Amino acid sequence: MSRRLRKEFEGIELFAFDGDGVIYRGAELLPGAEEALTFLNNNFKVVIITNNSTTTTDARRLKLEKLGINLTNDQIISSASATATYLAKTRPQAKKIWVIGEQGLRYELAKKGFIILNEELGKLEPINTVQHSCDLVVVGMDRKLTYDRLAIGCRFIRQGAEYIATNVDQTFPIESGVLPGAGSMIAALSACVGKQPAIILGKPESLMYEQAMEETAISAEKSAFFGDRLETDILGANRSKMTSVLVYGGIASKEDLAKTDDPCMFPDIELQSLLDIFDHS
Ligand SMILES: [Mg+2]
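Residues numbered from 1 in each chain as written. Predicted model: local features only at pLDDT ≥ 70, side-chain atom pairs only at ≥ 80, totals over all residues. Heavy atoms only, no water.

Undergrad: Would you take a moment to explain the environment of R143 for this structure?
TA: Along the chain, the position of R143 falls in the loop between β8 (136-139) and α6 (147-158). Given the relative accessible area of 52%, R143 is considered exposed. Expressed as a C-alpha distance, the spacing of R143 and M185, which sit 42 residues apart in the sequence, is 9.6 Å. Here R143 is in contact with T54, E102 and F172, once residues within four sequence places are set aside. (Helix = DSSP H or I, 4+ residues; strand = E, 2+ residues; numbered from the N terminus. Buried < 20%, exposed > 50% of the residue type's maximum accessible area, 1.4 Å probe, protein only. Contact = heavy atoms within 4.5 Å.)

Now the structure itself:
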């Protein structure tokens, strides 16, 4: 069957997507995702942009592959890989990083050549940080967060390390409700150091959207971003001047949109599901 895109997507060459709530929910593929992604990937540039820093790009690619969506690692940008790419480019002098975060974040940073102090120093006592140098403290969601890990991060920042955050999502939605997100770890660290992160990579900041456009060499006028959250996905896409597309079936509902009075959170296009990227006439 030959497929045609809806008129609104004429001229779009980069199709960028949020993962959870747009393509899948947990281990389940959402309606239209496979058809849409397969068609788009055969004809245009496709990139996934996710705020989740806990898993590696490899693991996310494999998860998508199991769901029937075949992408390459360089088509997946997570706040972990984006942070590593950004720091390697903008902080060439920085070597040593203390990580408050999970394996995905540590792996992506190590891949760019950074020394992960958590591994280097073994069981460092917070009191002993003064004997060591640290260039950056990078914070993401950490489901194994301990008092010591937080305390060491706090001390390194107070000793002069730069404070970087992958993303600031306060909560992490799961099927039965919400858990603390990276923003909750950042709130704890910020309380101790008395300041906010110098840089935040994740949506709604524009850095990840810009990385996607830069890596594909496609401008914002020819780029669209599909997301399910107004305050991250849509706000970030609008800030980045991409065409913003709200897909229902995830977080935001029509009622949420009706209640919003911030024009920066209004999507350019609304879709019931990803099947609606196609012209049904
Ligand atoms: Mg989402």
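Still more to cover.
Undergrad: Where do I start with the sheet that holds strand β15 (residues 269-271) in this structure?
TA: In a beta sheet, neighbouring strands are held together by backbone hydrogen bonds and run either parallel or antiparallel to one another. Strand order in the open sheet formed by six strands is β5-β4-β1-β13-β14-β15, and the pairing between neighbours is parallel. Where the open sheet ends on each side, the last strands, each with one partner, are β5 (76-78) and β15. When the angles between neighbouring strand axes are averaged without regard to direction, this sheet yields 25 degrees. Summarising the sheet, strand β4 (residues 45-50) and β5 pair through three bridges and their orientation is parallel. Considered in β5, the bridge of T50 is made with S78. Sheet contacts for helix α8 (residues 207-216): β1 (14-17), β4, β5 and β13 (223-227); angle to β4, the most-contacted strand, approximately 155 degrees. Lying on the sheet, helix α9 (residues 230-239) is in contact with β13 and β14 (243-247); it crosses β14 at an angle near 160 degrees. (Pairing = 2+ DSSP bridges. Axes fitted to C-alpha atoms, helices over the stretch in contact; angles between N-to-C directions.)

Undergrad: Explanation requested: the coordination of the magnesium ion in the structure shown.
TA: Think of it this way: four donors in a tetrahedron around the metal ideally sit 109.5 degrees apart, and six in an octahedron ideally sit 90 or 180 degrees apart. Binding of the magnesium ion to the protein goes through D18 (OD), D20 (O) and D228 (OD), at separations of 2.0 to 2.3 Å. The exposure class of D228 is buried, given its relative accessible area of 3%. (Donors = N, O, S within 2.8 Å, 3.2 Å for Na, K, Ca; no water.)

Undergrad: Explain the packing of helix α3 (residues 79-90) against α8 here, please?
TA: In a packed pair of helices, the relevant descriptors are the angle between the two axes and the axis-to-axis distance. Contact geometry of α3 with α8 gives a least axis separation of 10 Å together with a crossing angle of 75 degrees. Classified by the angle between their axes, α3 and α8 sit roughly perpendicular to one another. Contacts between α3 and α8 involve S79, A82, T85, Y86 and K89 from the former and L207, M208, Q211, E214 and E215 from the latter. (Parallel < 35°, antiparallel > 145°, perpendicular 65-115°, else oblique.)

Undergrad: Just to check I follow, could you spell out the nonpolar core for this structure?
TA: If you look at soluble globular proteins, the nonpolar side chains tend to sit buried side by side. Counting residues in hydrophobic clusters, the biggest one holds 31 residues, and the most contacted among them are I49, L87, I97, L109, L136 and V138. Breaking this core down by element, the ones donating at least two residues are β1, β4, α3, β6 (96-100), α4 (103-111), β8 and α8. The leading source of residues in this core is α3, at five residues. In this structure, this core is formed jointly by two domains, domain 1 (7-51 + 204-277) and domain 2 (81-200), each of which donates at least three residues. If sequence neighbours within four positions are ignored, L109 has contacts with A84, L87, I97, V99, F114, I116 and V138. If you look at the next biggest cluster of nonpolar residues, it comprises 29 residues, including F17, L64, L67 and I76. (Core = buried A, V, L, I, M, F, W, Y, C linked by side-chain atoms within 4.5 Å. Domains from an automatic or database assignment.)

These figures capture arrangement, not role.
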